[in-house]
Amino acid sequence: MTTALHTSSLTSLPLLARGKVRDNYAVGNDRILMVATDRLSAFDVIMGEPIPGKGELLTQMALYWFGKLAHVCPNHLTGDVAESVVTSAEAQQVRGRSMLVKRLKPVPIEAVVRGYLAGSGWTEYQATQSVCGVPLPPGLTNAARLPQPIYTPAAKAAMGEHDENITFERTVEMVGPELAAKIRDISLALYSEAAAIALAKGMIIADTKFEFGLDAHGQLVLMDEVLTPDSSRYWPVEGYEAAFRAGRNPPSYDKQFVRDWLEQVRINGKPWDKTPPAPHLPHDVVEKTAAKYREALERLTA
């Protein structure tokens with residue numbers, strides 16, 4: 001097992017930004033080297049302990065999906081090898097966990113698609129019978145499959161802030177009717193295709209978020225990570241039915257494990273307030289989370 005990488009430290013390229021998980025470096029002015037670290041964020045707070053191997057698993061999973069969905073929408077991959085743009089001494093930091101991608105103009109919309117009612121969608125539905133302005137039938141319960149997938153966009157927030165659920169109408173105000181409709185339609189098509197592929201492998205994709213950019217010709221391009229357990233809620237089919245009937249969250253292939261642990265941890269007798277610094281993650285929580293990410297990729301590519 002390679003050593004975990006919490007933060008990359010390349011000096012041969014200028015650092016553009018560190019996100020929750022990815023460190024992005026400029027390669028000339030038309031490409032970006034995206035390095036997926038082993039950092040984990042929960043409740044928008046970065047944990048102090050990395051999850052060994054997570055960055056490589058996320059990268060392999062994203063590459064798998066970019067390949068499967070390339071006919072639905074062009075993506076930002078250049079096909080160039082990441083190690084080719086760093087020094088030989090730095091190759092170890094990028095190998096297997098990086099993507100060399102086109103530099104695009106990001107669209108400031110998180111394109112969220114939900115096939116099931118879960119998370120913030122379930123919370124909102126209980127209050128309003130709708131999610132992001134999309135009305136839903138009455139009587140749905142937690143983890144219910146929706147009559148058809150719905151598009152529920154969010155506005156991208158500044159680092160450390162929570163993304164904010166918005167209506168489709170708001171996206172029209174942000175980017176114009178034509179682009180807003182195109183993002184919605186492509187997102188729904190990507191989700192439907194991916195959900196069918198995953199289901200054949202015994203996994204439910206309850207919801208996911210896509211990010212897009214525009215290239216120099218104004219063409220819409222799928223970018224960032226795609227359909228990883230960090231950007232999607234994956235449930236194994238075998239645990240779903242019982243959880244759904246009991247009204248519980250189904251077991252999942254993502255950081256739910258960490259979230260559940262963080263929800264019950266006590267610091268000086270009080271619950272954690274979900275602000276930095278994060279509580280110290282015990283070794284077994286780190287291990288079990290790493291195993292979940294591994295299992296998701298293994299099932300998908302089996």
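Focus: the packing of helix H1 (residues 54-69) against helix H8 (residues 283-301)
Part 1 of the reasoning: The interhelical angle for the contact between H1 and H8, taken along N-to-C directions, is 25 degrees, at an axis separation of 10 Å. Judged on the interaxial angle alone, H8 and H1 are roughly parallel. Remark: the crossing between H1 and H8 carries left-handed chirality. Contacts between H1 and H8 involve Lys54, Leu57, Leu58, Gln60, Met61, Tyr64 and Trp65 from the former and Ala290, Tyr293, Arg294, Ala296, Leu297, Leu300 and Thr301 from the latter.
Part 2 of the reasoning: A breakdown of the residues in the contact of H1 with H8 according to their chemical character gives ten nonpolar, two polar and two charged.

Section: the pairing of strand E6 (residues 98-102)
Part 1 of the reasoning: Counting buried positions along E6 yields four of five residues, so the element is predominantly enclosed.
Part 2 of the reasoning: As paired elements, strand E3 (residues 31-36) and E6 share five bridges and run antiparallel to each other. Its bridge partner lying in E6, Leu33 is registered against Leu100.

A word on the pattern of salt bridges
Part 1 of the reasoning: Within this structure, the stated rule accounts for 20 salt bridges.
Part 2 of the reasoning: Each of Glu110, Lys156, Lys209 and Glu211 takes part in one network of salt bridges that share partners.

Things to note about the side chain of Asp23
Part 1 of the reasoning: Note on placement: Asp23 falls in strand E2 (residues 22-27).
Part 2 of the reasoning: Not counting residues within four places of it along the chain, the set of residues in contact with Asp23 comprises Thr7, Ser8, Leu15, Ala17, Arg18, Leu33, Met34, Val35, Thr37 and Arg39.

As for the nonpolar core
Part 1 of the reasoning: Within the largest apolar cluster, 64 residues are counted, with the highest numbers of intra-cluster contacts made by Met47, Trp65, Ile183, Phe210, Phe212, Leu227 and Tyr234.
Part 2 of the reasoning: In terms of nonpolar packing, the next biggest core, distinct from the first, is built from twelve residues, Leu10, Val85, Val86 and Leu100 among them.

What about the sheet that holds strand E1 (residues 15-18)?
Part 1 of the reasoning: Taken together, the four strands give an open sheet; going across it, the order is E1-E2-E3-E6, and neighbouring strands pair in antiparallel fashion. Taken across any chain shown, the strands that pair with only one partner, and hence form the sheet edges, are E1 and E6. Pairwise comparison of adjacent strand axes, ignoring direction, gives a mean angle of 20 degrees for this sheet.
Part 2 of the reasoning: Most of the contacts of H1 go to E6, to which it runs at about 45 degrees, and overall it touches E2, E3 and E6.

Considerations on the pairing of strand E14 (residues 203-214)
Part 1 of the reasoning: With eleven of twelve residues buried, E14 is to be regarded as a mostly interior element.
Part 2 of the reasoning: Relative to E14, strand E7 (residues 105-106) is paired through two bridges, and the arrangement is antiparallel. Each residue of the ladder has a partner; that of Pro106, found in E14, is Gly213.
Part 3 of the reasoning: As paired elements, strand E8 (residues 109-116) and E14 share four bridges and run antiparallel to each other. Residue pairing in the sheet places Arg114 in a bridge with Asp207 of E14.
Part 4 of the reasoning: Sheet topology note: the E14/strand E16 (residues 232-236) ladder contains five bridges and is antiparallel. Paired with Asp207 across the bridge in E16 is Arg233.
Part 5 of the reasoning: Inspection of the sheet shows E14 paired to strand E15 (residues 220-223) by four bridges, in the antiparallel sense.

Some remarks on the environment of Phe168
Part 1 of the reasoning: With respect to the helices, strands and loops of the structure, Phe168 is situated in helix H4 (residues 168-175).
Part 2 of the reasoning: Separated by 14 residues in the primary sequence, Phe168 and Ala154 have C-alpha atoms spaced 9.1 Å apart.

Here we look at the packing of aromatic side chains
Part 1 of the reasoning: Scanning all chains against the criterion turns up eight aromatic pairs.
Part 2 of the reasoning: Ring centres of Tyr240 and Phe244 lie 5.6 Å apart, and the angle between their planes is 10 degrees; this geometry places the pair in the stacked category. Here Tyr240 and its partner Phe244 are both found in helix H6 (residues 237-246), four residues apart, which amounts to about one turn of the helix.
Part 3 of the reasoning: Judged by relative accessible area, which is 9%, Tyr240 ranks as buried.
Part 4 of the reasoning: Each member of the aromatic cluster is reached from another via a ring pair, and the members are Tyr116, Trp235, Tyr240 and Phe244.
Part 5 of the reasoning: Seen from the ring of Phe168, Arg184 lies directly overhead, with NZ or CZ sitting 4.6 Å from the centre.
Part 6 of the reasoning: For the cation-ring pair, Lys274 lies above Phe43, with the distance from its terminal atom to the ring centre recorded as 4.2 Å.

Re unusual backbone geometry
Outside of glycine, negative phi angles account for most residues, and trans bonds account for most peptide bonds.
Part 1 of the reasoning: The step from Pro276 to Pro277 runs through a cis peptide bond, and the omega angle for that step is 0 degrees.
Part 2 of the reasoning: Secondary-structure assignment places Pro277 in the loop between strand E18 (270-271) and H8.
Part 3 of the reasoning: Even without being glycine, Leu227 reaches a positive phi, approximately 55 degrees.
Part 4 of the reasoning: By secondary structure assignment, the location of Leu227 is in the loop between E15 and E16.
Part 5 of the reasoning: Take Leu227: its relative accessible area is 0%, and that puts it in the buried class.
Part 6 of the reasoning: Phi at Lys274 takes a positive value of approximately 65 degrees, unusual for a residue other than glycine.
Part 7 of the reasoning: Assignment of secondary structure puts Lys274 in the loop between E18 and H8.

Definitions and cut-offs
- Residues numbered from 1 in each chain as written.
- Predicted model: local features only at pLDDT ≥ 70, side-chain atom pairs only at ≥ 80, totals over all residues.
- Heavy atoms only, no water.
- Axes fitted to C-alpha atoms, helices over the stretch in contact; angles between N-to-C directions.
- Helix = DSSP H or I, 4+ residues; strand = E, 2+ residues; numbered from the N terminus.
- Parallel < 35°, antiparallel > 145°, perpendicular 65-115°, else oblique.
- Left-handed = near helix turned anticlockwise from the far one by under 90°.
- Contact = heavy atoms within 4.5 Å.
- Nonpolar A, V, L, I, M, F, W, Y, C, P; charged D, E, K, R; others polar.
- Buried < 20%, exposed > 50% of the residue type's maximum accessible area, 1.4 Å probe, protein only.
- Pairing = 2+ DSSP bridges.
- Salt bridge = Lys/Arg side-chain N within 4 Å of Asp/Glu carboxyl O.
- Core = buried A, V, L, I, M, F, W, Y, C linked by side-chain atoms within 4.5 Å.
- Phe/Tyr/Trp six-rings, centres within 6.5 Å; stacked < 30°, edge-to-face > 60°.
- Lys NZ or Arg CZ within 6 Å of the ring centre and 35° of its normal.

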